[in-house]
Structures are given as structure tokens and as C-alpha cells.
Amino acid sequence: MKRQTTVEFEHITFTREGEAILRNISGNFKEGTITALIGPSGSGKTTFLKMLNGLLSPTSGTITILNKRIDEYNPIELRTKVGIALQDAPVIRGTVFENLALPYLLKGKTFTKEQAKEFLQYVGLDDSFIYRDASDLSGGQRQRLSLARTLVNEPKVLLLDEITSALDPTATSEIEQLIKKITYERHVTTVWITHNIRQALSISDNIMLIDSGKITLFAPTDSLTDKHYEILAPFLHGGAQS
């Protein structure tokens, strides 16, 4: 099956205070795929992710989301199409329902209890969570709530920044399976920063390694050769840190 290109970036450079954080990087991400984004501390991974959500703008180069330049979107439209989930899974004060309803509230729309239950069930939380205080949830439950809230906007692109790094192995495995479910069932384009190279190799369709602001490896995970593993060797021992 031929997959559509959802995100395209061409000749992206980002400079801060005279220092080049990203250096002329180009590539694309396709629908229904997970790309693991890895690299050492300060390599530019988080900077790049923020550009895909419009939180930062490149110094030069272009980013296209769904065949439209990112600078042509208004922020609300862009963040509806491009969802993001973070390591600390931030929640607003209030119930799980109030957190899930937030995207609709910001657009002046009504979100129902039935809709909330459907999203909770999709991410593996039962109906009883709807009235619980979001601040009382465990780390894994908060991450599921964060993902459910992101899904309320029906994003086409999902950006993940080390969302399992603070979770125990069981919760990590559950979130990994959930991300696969979201990506493949909803034909979402997922870009996942992870510090865990073994996780990257097990959950991704593609590996993208950024080092010193440059893409030094970008290849389908199932096509990696001994030569590729030589490039990844420094990260296999101790893991890549973000």
C-alpha cells in the first residue's frame, strides 16, 4: 500500500544566538507510520519536534503539513491537526472529563459524557475514570488521559516527547501498544522522541538519528544493516539521551 506523505521538511536550519542547532535537514514522514527520533543531548531533537507543532519557526527552510506550509496555518488549526504529548503528561485542575472536554471548550463546542467514555475506552481506561480528579491518576493513567485528550481533536500527526521515560516497564509496554494502535488504526503520522534505543528499534517503522544538528541516519527499521548498526553503536551502550 502506498502511503501518503503527511509531513515534509526541506533544508531546515535553526540558529539560536549564532549557534546552529539544526543544519540543513530534509526528509518526510508518511501516514500510518511511527518514526523514532533519537540522538544525544543537545542534538536538536526537541527543537525539531517543536517546529512541527509551530512552537518554533525555522531560521530557513520550509515545513509542509498535509500539503500546506506550516506558516500558512493559524495556531488553533495547526494544533488541531498536529497533537503533542509530553513526558510529564500535564493535566488541568479538575476531573478527567474536564480535561477531555478542554479541546472542545477552546473551540466553543459541547463535549458529552458519552464522547468522553468512548475516548477513555479507546485508551484503555474504564468509564469510572470520568469523574476522577485528574491529579490523582498514576503516571501511566495520566499519559493515557493526555493521549485521549489529544485524540479528541482527531489529529493527523502525533508528536511524542519521551512519554514513557518516567513509567515502569508494564506501563511503558502498555503505552507502546496504545501508540501502535492509534498510529495504525487511525492512520496517524507519529514522531516519537525516545532516549531508549531498544524501544526505538522495537516500536518504530523508521529510525531517524540526529547528531550535532544533522540527520546521520534515516531509514526503515526493518532495513537496518550492519553498517547502520555501526552508526547506532554509541547509543546501544547506555542509550541516547535527549
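Per-chain numbering applies: the sequence of each chain, read as written, is numbered from 1 onward. Per-residue local features are limited, in this predicted model, to residues with pLDDT of at least 70; the limit for side-chain atom pairs, both in listing and counting, is 80 or more; totals at the level of whole chains, interfaces and linings are taken over all residues. Water and hydrogen atoms play no part in the side-chain values, which are based on all heavy atoms of the structure.

K.L.:
Would you mind showing me how to read the packing of helix 5 (residues 139–151) against helix 6 (residues 169–185) here?
P.N.:
Helix-helix packing is described using two parameters, namely the angle between the two axes and the distance between the axes. Fitting a line to C-alpha atoms yields each axis, with helices limited to the stretch in contact; the angle taken between N-to-C directions then spans 0 to 180 degrees. Only DSSP runs of H or I covering at least 4 residues are called helices, and only runs of E covering at least 2 are called strands; the numbering of each starts at the N terminus. At their nearest, the axes of helix 5 and helix 6 sit 10 Å apart, and the two run at 15° to each other. With respect to each other, helix 5 and helix 6 are oriented roughly parallel. The handedness of the crossing between helix 5 and helix 6 comes out as right-handed. Packed against helix 5, whose contacting residues are G140, Q143, R144, L147 and L151, the element helix 6 presents A171, E174, I175, L178, I179 and I182 at the interface. Angles are sorted into four bins: roughly parallel if under 35 degrees, roughly antiparallel if over 145, roughly perpendicular if 65 to 115, and oblique for all others. Crossing handedness is defined as follows: a turn of the near helix away from the far one that is anticlockwise and smaller than a right angle gives a left-handed crossing, while the clockwise case is right-handed. The contact criterion used throughout is that any non-hydrogen atoms of two residues lie within 4.5 Å.

K.L.:
Looking at this model, I keep getting lost on the sheet that holds strand 2 (residues 19–30). Mind explaining?
P.N.:
Note: strands within a sheet are paired through backbone hydrogen bonds, in either parallel or antiparallel orientation. Here four strands make up an open sheet; going across it, the order is 2-1-4-5 and the pairing antiparallel. In this open sheet, the two edge strands, each paired with only one partner strand, are strand 2 and strand 5 (68–69). With five bridges connecting them, strand 1 (residues 5–16) and strand 4 (residues 60–65) associate as antiparallel partners. Bridged to E10 within strand 4 is T62. We call two strands paired when DSSP finds no fewer than two bridges between them.

K.L.:
Looking at this structure, I do not really get the pairing of strand 10 (residues 214–220). What am I missing?
P.N.:
Every regular strand shows the same layout, with side chains that alternate between the two sheet faces. Of the pairings in the sheet, the one linking strand 9 (residues 206–211) to strand 10 comprises six bridges and is antiparallel in character. By the bridge assignment for strand 10, M208 is matched with F218. What sits between the antiparallel neighbours strand 9 and strand 10 is a turn of two residues, in which S212 has the positive phi angle 55°.

K.L.:
Quick question: what am I supposed to make of the confidence of the model for the protein here?
P.N.:
In predicted models, pLDDT denotes the confidence assigned by the predictor to each residue on a 0 to 100 scale. The predicted model of the protein has a mean per-residue pLDDT of 91, with 97% of residues at 70 or higher. Within the model, pLDDT remains below 50 along residues 238–242, and this stretch shows 19 contacts once partners closer than five positions in the same chain are excluded.

K.L.:
So what exactly am I meant to see when it comes to the nonpolar core here?
P.N.:
One recurring pattern in soluble globular proteins: nonpolar side chains tend to sit buried together. Residues L100, F111, L147, L160, I179 and I182 are the most contacted members of the largest nonpolar core, which totals 35 residues. Ignoring sequence-local partners within four residues, the contact set of L147 consists of A85, L158, L160, I175, L178 and I179. Here, nonpolar core refers to any group of buried Ala, Val, Leu, Ile, Met, Phe, Trp, Tyr and Cys residues whose side-chain atoms link them within 4.5 Å. Note on exposure labels: buried denotes an accessible area under 20% of the residue type's maximum, exposed denotes more than 50%, and partly exposed covers the range between, all computed with a 1.4 Å probe on protein chains only. With 25 residues, the next largest nonpolar core counts F29, L49, M51 and V82 among its residues.

K.L.:
I keep staring at the layout of surface pockets and nothing clicks. Help me out?
P.N.:
Points on a 1 Å grid, built from protein atoms alone, make a cavity when a 1.4 Å probe fits but cannot get out and make a pocket when they are open with protein on both sides within 12 Å along at least 5 of 7 lines; residues with an atom within 4 Å of a point are the lining residues. Grid points are joined across faces, edges and corners, and a volume is the space filled by probe spheres set on the points. By volume, the largest pocket is sized at about 540 Å³. In terms of lining, the largest pocket is formed by 18 residues, of which the most central are R79, P103, L106, R149 and N153. Taken together, the elements giving at least two residues each to the lining of the largest pocket come down to helix 2 (75–81), strand 6 (82–86), helix 3 (96–106) and helix 5. Looking at which element gives the most residues to the lining of the largest pocket, the answer is strand 6, with five residues. Classes in brief: Ala, Val, Leu, Ile, Met, Phe, Trp, Tyr, Cys and Pro nonpolar; Asp, Glu, Lys and Arg charged; the others, Gly included, polar. Grouping the constituent residues of the lining of the largest pocket by class yields nine nonpolar, six polar and three charged. Of the voids in this model, the second largest pocket is the one considered here, and its volume is about 190 Å³. The class makeup of the residues in the lining of the second largest pocket is eight nonpolar, four polar and three charged.

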